[in-house]
Amino acid sequence: MKHPWSPQQFRAGARAAGRPEAMIASAESAAAAIKRVHPDLPVVLTLNHLAHLSGVSAQDLQQVAFRKEDAYRIFRVKKRGVSGKRPAPPRRYRTICVPHPFLMQTQRWIAQNILNPIDPHPASFAFAPERNLVGAAERHVGSKWLLKMDVRHFFESISEQQVYRVFRSLGYGALLSFQMARICTRLPDHRRTASRLPRGRDDTGLPYRRHESGHLPQGAPTSPMLANLTMRTLDRRLSLLAQREGWTYTRYADDLAFSKTDKSSRIEAMCLSRRVVHELELAGLAYHREKTSIAPPGARKVLLGVLVDSDRPRLTRAFRNNVETHLFALTNTKVGAAAHRQKRGFASTVGMRRHIEGLIAFAHQVNPRYAAKLYAQFNTVDWSR
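Thresholds applied
- Residues numbered from 1 in each chain as written.
- Predicted model: local features only at pLDDT ≥ 70, side-chain atom pairs only at ≥ 80, totals over all residues.
- Heavy atoms only, no water.
- Helix = DSSP H or I, 4+ residues; strand = E, 2+ residues; numbered from the N terminus.
- Buried < 20%, exposed > 50% of the residue type's maximum accessible area, 1.4 Å probe, protein only.
- Contact = heavy atoms within 4.5 Å.
- Areas by Shrake-Rupley, 256 points an atom, 1.4 Å probe, with all protein chains shown as cover.
- Lys, Arg positive; Asp, Glu negative; His and termini not counted.
- Charge placed at Lys NZ, Arg CZ, Asp CG, Glu CD.
- Phe/Tyr/Trp six-rings, centres within 6.5 Å; stacked < 30°, edge-to-face > 60°.
- Polar contact = N/O pair within 3.5 Å; in protein donor to acceptor, adjacent residues only side chain to side chain.
- Core = buried A, V, L, I, M, F, W, Y, C linked by side-chain atoms within 4.5 Å.
- Salt bridge = Lys/Arg side-chain N within 4 Å of Asp/Glu carboxyl O.

The next thing to look at is the overall build of the protein. Per the secondary structure count, the protein includes 15 helices and 10 strands. For the protein, the spread of C-alpha atoms along the three principal axes comes to 75 × 55 × 45 Å. Within the protein, the proportion of its 385 residues that are buried is 44%. Considering only intrachain contacts with a sequence separation of at least 6, the fraction spanning at least 24 residues in the protein is 68%. Accessible area of the protein: about 20200 Å², with a carbon and sulfur share of 51%. Taken as two groups, the 62 positive and 30 negative side-chain charges of the protein have centres that lie 5 Å from each other.

Structure representation (structure tokens):
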């Protein structure tokens, strides 16, 4: 057990500290509710307790939980289109929110200790231990039909209330769940003035009255796993929908894929896509109409950047040509790192090196033998010239 809990030891220590019996009983009941969900979950009783466990100041966490401080550094990264060169419309950038050190430390503790033990739905392959892109692609190899869809503004679409429900479903108290939801979400920039929610009550019982509602910030260490856990209901509904129609469903972050190895038709695929759109709308999500595609028999089928139209995932020729061109230029005595960086438009040699290293790491997931050759060539590059 990762986080053992002994009611006897707790009761003895609390009595020795002079705590009232009613408080001790309440804490034991809260701990039992958490351990019933999963034995590896840590017992966290209050915000001050969370601050102690994560090694940060309780006052700092209170500032975030009360929305008195926006503890993020914000910057924008240009999006790349399918070609990798042109920005993708309609929004030409993604907003990255980097938490301040104390908040990063707390979010990492929550991610590692509270969120990691909880498995996402079997159809989800991103942001989970022992699941990866290749695993998602393998579910669709040899398919005759492939339907691909994309969720628009994935992290921003997941609300503070949904995050609150995740923590409540793990057994944590209403107030602490509310505070942890605040710690793991951020107000949209356009709602940082006195924006209000309608009066009402969350369906789990917490009054969400006149509170600004945040969303998952892209860049926080808790956001990926919280996104997975909030999507469990949708994943289950889409899996059942796909099974009824004879299709296979997977989700890799915001990329939805449906494939079929039997006979089908474009009309059937379009009907399935409309049902998926309906389910997304029920979950409060939108989809990229321009990124929805249907690949029929005989068409080239690329999913998550790899080919799935044979018996195993394969790297595309365009990907191989790209990474091999990088390495040829970098190891060529007539070109070198400086000239190649300038020609390709990288801001720095370090950024270019990390980019190419990431490409090779991606290749390693799909074809380790091929990636080993790339690594051998990469290791001979003289980055100083």
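Once you've had a look at it, read on.
The subject of this paragraph is the packing of aromatic side chains. The description of an aromatic ring pair uses the distance of the two centres, along with the angle that the planes make with each other. Under the defined criterion, the tally for this structure stands at six aromatic pairs. Here the aromatic rings of Phe-319 and Phe-362 are separated by 5.2 Å at their centres, their planes lie at 55°, and the arrangement is tilted. In this pair, Phe-319 sits in helix 12 (residues 317-331) while Phe-362 sits in helix 14 (residues 349-366), placing the two residues 43 residues apart along the sequence.

Attention shifts here to helix 9 (residues 223-230). Judged by how many residues are buried, helix 9 sits mostly within the fold: eight of eight residues are covered. The complete set of buried residues in helix 9 reads Ser-223, Pro-224, Met-225, Leu-226, Ala-227, Asn-228, Leu-229 and Thr-230. Contact partners of the buried residues in helix 9: helix 5 (101-115), helix 7 (160-169), helix 10 (232-245) and strand 4 (248-252).

Time to look at the side chain of Ser-259. For Ser-259, the location among the structural elements is in strand 5 (residues 255-260). At 2.6 Å, the side chain of Ser-259 and the side chain of His-140 are in polar contact. With sequence-adjacent residues up to four places away left out, Ser-259 is seen in contact with Arg-139, His-140, Ser-143, Trp-145, Leu-146, Gly-246, Trp-247 and Thr-248.

What follows deals with the nonpolar core. Counting residues in hydrophobic clusters, the biggest one holds 62 residues, and the most contacted among them are Ile-110 and Ile-114. Setting aside residues no more than four positions away along its own chain, Ile-114 makes contact with Leu-41, Pro-42, Trp-109, Phe-167, Leu-170, Tyr-172 and Met-180. Within the second largest apolar cluster, 32 residues are counted, among which are Leu-327, Leu-330, Leu-359 and Val-381.

Before going further, it helps to spend a moment on the pattern of salt bridges. For the structure shown, the criterion picks out 11 salt bridges. Two residues, Asp-70 and Arg-186, come together in a salt bridge whose shortest N-O distance is 3.0 Å. Here Asp-70 is found in the loop between helix 4 (58-65) and strand 1 (72-78), whereas its partner Arg-186 is found in the loop between helix 8 (174-183) and helix 9, with 116 residues between them in sequence. Given the relative accessible area of 28%, Asp-70 is considered partly exposed. Residue classification places Arg-186 among the buried positions, given a relative accessible area of 4%. When the shortest N-O distance is used, the salt bridge between Glu-268 and Lys-260 registers 2.7 Å.

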